Amino acid sequence: MIRSNATEMAAKLATGEITSVALTQAHLDRISAVDADVHAFLHIDTEGALAQAAAIDAKRAKGEKLSPLAGVPLALKDVMAQKGIPTTCGSKILEGWRPPYDSTVVANLKKNDIVILGKTNMDEFAMGSSTENSAYGPTHNPWDLSRIPGGSGGGSSAALAAFEAPLAIGTDTGGSIRQPAAVTGTVGVKPTYGGVSRYGLVAFSSSLDQAGPCARTVLDAALLHEAISGHDPKDATSINAPVPQVVNAAKSGDVKGMKIGVVKELNGDGYQAGVRARFEESLELLAKAGAEIVEVSAPNFEYALAAYYLIAPSECSSNLARFDAMRYGLRVGDVDGASAESVMNLTREVGFGKEVKRRIILGTYALSSGYYDAYYGSAQKVRTLITQDFIRAFEKADVLVSPTCPTTAFKIGEKANDPLAMYLNDIATIPVNMAGIGGMSLPSGLADEDGLPVGFQIMSPVMKDERMYLVGAALEAALLSKWGAPLLDKAPIMGGAR
Amino acid sequence: MTSLSRDDVAKLAGLARIEMSEEELVNMANEFTVILDAVARVQEVAGADVEATSHPLPLRNIFRPDVVVPSLTPEEALSGAPAQEEQRFRVPQILGEE
């Protein structure tokens, strides 16, 4: 039951072949069986999930019209507020905090009767590419438990790859949905900035953060995308326009006559041979499906990583000032006569991990008087140049494509002491966030040299998210007929050791 | 090459309200030499003629009607408080004795 995809599960729920309670219980059992090894979850809401499932079964029994994914379970990244459920963001500073409200994403999940199984592990406050920065220990990649599942949303991607959940929510500030999808052989989509409400998404870098769907198929991702999207008056940056027709696009997968632009700068040196081979193969399949492959150039992308590591830390140094030990979260050193300032200093010393401190200090520096123009100001100009590169590229192509990451999953601990090497992982995903456009990663096969999953990235213009689903669905169908079975069938998901 | 001294990091940590051990200060100062060199590349292309982008959407002010809507109850708002007293957040001393 847990091996099928969300669309198949929804069909069986609709015909009454299975109940949501049974489906939810099957996933809870799977979590009990494998999560000690994978560590995808930080909190499992057994009681809440089963109660929600029972209520959905009751509605269905009464003949109520339900949404397409009603009764299907989901894993929620621990950065989204869910009323009454622990929400830590992978940080000690929020240990034990239970939000008194639902994020809009959670409200939309509940409205669509999607069952929330629990909260998934992540790099602290979404800062990282491996989940090694979680204060609660790393998540392990189901393809090889000694390797990272990507980050920051490694818990969500690992839960999908280990069949602990068929759907998950991620958030993507510089690649935190797409890179984990790539290294676990799953699908992850960063919608257009403003397409999904940020209300109740604990802010890291407000002008870059975007929640989105994670799944095992393109159509499943589209159904979840549609369920969580839409204008929200509680988020001033939410786009007030119709939701792109992503489900129709995922069902169609027709790319005849579409122009697909290969970004010259996001390939070549620094990209693993197996990553490049799978990318080229995918391009051939898309050409066979009727798309026209063209080359485009984006000369300013080489500055994207540098600009990102100024903009994101700058915004984070401001956003994380809210963790001041006064209204919620951890408080340390509150002894008689202690000043508020010393309590803040001690709490933030104990509550934040190394990478979070590093970025707060970097951001504080980049925004400080005398350095602002040279660092933050220059980074904002690079942002303009990157956006202009995209605009020019989209004049020549309907979508742009690249490998999602330069390499397959690396070993846990391999890059932990080299922040710059870690940052390089996001080199192909970051430009999308800088311009606020849409990005998808889907599996394109396994690298010959290490047998690990490789991701294919598709980028679409602002609010043209349906285009990446058209291309994603076409490529997925072509690869499926080439492989004869989904890629995850090849994963040694715990049964056989790798 | 840009570099930060141990004292520079200590000053920034003070501004950011983070207590740091001597070891942390020294390590971070060392790391920053490498990181700042990498990020300083933005200056290569950030000419005076390039406009700055702070946000991906061309946003103007967003207003809503000024009407009262239900919000958190005092109990809900205080539910995560590290300390509370008489339906208020209890915080450490903020002002000096004088």
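Going by the structure above, here's the rest.
Cut-offs and rules
Residues numbered from 1 in each chain as written. Chains lettered and ligands numbered in written order. Predicted model: local features only at pLDDT ≥ 70, side-chain atom pairs only at ≥ 80, totals over all residues. Heavy atoms only, no water. Helix = DSSP H or I, 4+ residues; strand = E, 2+ residues; numbered from the N terminus. Rg over C-alpha atoms; globule rule 2.2 N^0.38 Å. Buried < 20%, exposed > 50% of the residue type's maximum accessible area, 1.4 Å probe, protein only. Contact = heavy atoms within 4.5 Å. Buried area = accessible area lost by both parts, 1.4 Å probe. Salt bridge = Lys/Arg side-chain N within 4 Å of Asp/Glu carboxyl O. Nonpolar A, V, L, I, M, F, W, Y, C, P; charged D, E, K, R; others polar. Axes fitted to C-alpha atoms, helices over the stretch in contact; angles between N-to-C directions. Left-handed = near helix turned anticlockwise from the far one by under 90°. Parallel < 35°, antiparallel > 145°, perpendicular 65-115°, else oblique.

Asks: Help me out: how do you make sense of the overall build of chain B in this one?
Replies: Along chain B, the regular secondary structure elements total 3 helices and 2 strands. For chain B, the N- to C-terminal ordering of α and β elements is α-α-α-β-β. A compact globule built from 98 residues would reach a C-alpha radius of gyration of about 13 Å, whereas chain B, at 23 Å, exceeds it by more than 25%. Taking the principal axes of its C-alpha atoms as reference, chain B extends roughly 55 × 45 × 30 Å. The burial tally for chain B puts 29% of its 98 residues in the buried class. Within chain B, contacts between residues at least 6 apart in sequence are counted, and of these 30% link residues at least 24 apart.

Asks: Explain the interface of chain A and chain B to me, please; I cannot follow it from the model alone.
Replies: For interface size, the figure often reported is the accessible area lost on association. Each side of the interface is counted separately: chain A has 57 residues, and chain B has 52 residues. Note on chain A versus chain B: buried area summed over both sides is about 4800 Å², and carbon and sulfur give 68% of it. Of all residues in chain A, the largest losses of buried area upon contact with chain B belong to Tyr303(A), Ile361(A) and Lys381(A), amounting jointly to 13% of the total for that side. Put simply, chain A and chain B have 7 salt bridges between them. When residues of the side of chain A that touches chain B are traced back to their parent elements, those giving at least two are α10 (304-319), α11 (340-351), α12 (354-366), α13 (373-396) and α14 (419-423) of chain A. Of the residues forming the side of chain A that touches chain B, the biggest block, 10 residues, is contributed by α13(A). Its residues assigned to classes, the side of chain A that touches chain B shows 31 nonpolar, 11 polar and 15 charged.

Asks: Teacher, can you tell me more about the packing of α12(A) against helix α2 (residues 22-39) of chain B here?
Replies: Helix packing for two helices is described by the angle between their axes and how far apart those axes are. Remark: α12(A) packs on α2(B), axes separated minimally by 11 Å, with the N-to-C direction vectors making an angle of 60°. α2(B) is crossed by α12(A), and the crossing has right-handed handedness. Between α12(A), through Lys354(A), Lys357(A), Arg358(A), Ile361(A), Leu362(A) and Tyr365(A), and α2(B), the contact on the second element is made entirely by Glu24(B), Met28(B), Glu31(B), Phe32(B), Ile35(B) and Leu36(B). Considered class by class, the residues forming the contact of α12(A) with α2(B) number 7 nonpolar, no polar and 5 charged.

Asks: Even after reading the chapter, I still don't get the packing of α10(A) against α12(A), so can you show me in this structure?
Replies: All names here are of chain A. Running from N to C, α10 and α12 point in directions that differ by 100°, and their axes come no closer than 7 Å. Classified by the angle between their axes, α10 and α12 sit roughly perpendicular to one another. Along the contact surface, α10 presents Tyr309, Leu310, Pro313, Ser314, Cys316 and Ser317, while α12 presents Arg359, Ile360, Leu362, Gly363, Thr364 and Ala366. Its residues placed into classes, the contact of α10 with α12 shows 7 nonpolar, 4 polar and 1 charged.

Asks: How should the pattern of salt bridges be read in this particular structure?
Replies: Pairing is possible between side chains of opposite charge, provided their charged atoms come close. Per the counting criterion, the structure on display carries 29 salt bridges over all chains. A salt bridge links Asp448(A) to Arg278(A), with the shortest nitrogen-to-oxygen separation between them at 3.3 Å. Here Arg278(A) lies in helix α9 (residues 273-288) and Asp448(A) lies in the loop between β10 (438-446) and β11 (453-460), a separation of 170 residues in the sequence. Given a relative accessible area of 62%, Asp448(A) falls into the exposed group. In this structure, Arg358(A) and Glu31(B) form a salt bridge, with 2.8 Å as the shortest nitrogen-oxygen distance. Within this pair, whereas Arg358(A) is found in helix α12, its partner Glu31(B) is found in helix α2, the two belonging to separate chains.

Asks: Mind showing me how you'd approach the environment of Ala46(B) here?
Replies: With respect to the secondary-structure elements, Ala46(B) resides in the loop between α2 and α3 (74-77). Here Ala46(B) falls in the buried class, since its relative accessible area comes to 16%. With 33 residues separating them in the primary sequence, Ala46(B) and Ala13(B) have C-alpha atoms 28 Å apart. Among residues more than four places away in sequence, those in contact with Ala46(B) are Ser378(A) and Lys381(A).

This is a description of form; function is not addressed.
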